[in-house]
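# Summary of the model geometry
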Amino acid sequence: MTRKLMILPAKDPATVRLVRIPNDFDPHAVFRRVTGLIAQVEEENPDYQWPDIEAVLEDHGFETVDFILGPSLD
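Residues numbered from 1 in each chain as written. Predicted model: local features only at pLDDT ≥ 70, side-chain atom pairs only at ≥ 80, totals over all residues. Heavy atoms only, no water.

### Observations regarding the pairing of strand E1 (residues 5-8)
Side chains of E1 alternate between two faces, with Met6 and Leu8 buried and Leu5 and Ile7 left unburied. Direction of pairing for E1 relative to strand E2 (residues 17-20): antiparallel, over a ladder of four bridges. From the neighbouring strand, Leu5 faces E2, where its bridge partner is Arg20. (Buried < 20%, exposed > 50% of the residue type's maximum accessible area, 1.4 Å probe, protein only. Helix = DSSP H or I, 4+ residues; strand = E, 2+ residues; numbered from the N terminus. Pairing = 2+ DSSP bridges.)

### Considerations on the pairing of E2
Pairing of E2 with strand E3 (residues 63-64), which is carried by two bridges, proceeds in the antiparallel orientation. Within E3, the position partnered with Val19 by the bridge is Thr64.

### Digging into helix H2 (residues 50-59)
Those residues of H2 not exposed but buried are Trp50, Ile53, Val56 and Leu57. Along H2, the residues classed as buried sweep out an arc of 130° about the axis, all on the same side. Those residues of H2 that are buried lie in contact with E1, E2, helix H1 (30-44) and E3. Looking one or two places after H2, you find Gly61, whose phi comes out positive at around 95°. (Arc of directions from axis to C-beta. Contact = heavy atoms within 4.5 Å.)

### Thoughts on the packing of aromatic side chains
Scanning the entire structure with this criterion turns up one aromatic pair. When the centroid spacing of 5.0 Å and the interplanar angle of 50° are considered together, the rings of Phe25 and Phe62 count as tilted. Here Phe25 is found in the loop between E2 and H1, whereas its partner Phe62 is found in the loop between H2 and E3, with 37 residues between them in sequence. (Phe/Tyr/Trp six-rings, centres within 6.5 Å; stacked < 30°, edge-to-face > 60°.)

### Quick notes on the nonpolar core
Judged by nonpolar contacts, the single largest core of 14 residues is most densely connected at Met6, Leu8, Val34, Leu57 and Phe62. Elements supplying a minimum of two residues to this core: E1, H1 and H2. The dominant element in this core, judged by the number of residues it contributes, is H1, at five residues. (Core = buried A, V, L, I, M, F, W, Y, C linked by side-chain atoms within 4.5 Å.)

### Focus: the environment of Ala39
Structurally, Ala39 is set in helix H1. Taking the C-alpha atoms as reference, Ala39 lies 9.3 Å from Ile53; in sequence the two are 14 residues apart.

Any link to function would need more than the numbers given here.
See below:
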């Protein structure tokens, strides 16, 4: 079975993240789920940083994937 990935875009290319989606997530619902998890972190800790979001995502079965950002296509 192919594992799905999600790009978490950012204005600063250095802060773009890539996460592996757990197999049991419906691809149509995963965007809403990740948005909710990120919002939860933002509400609980206004001074959050990426490791705070990463920890919550990992608690829900998401996995951060290392990648190399290639050249821009636009």
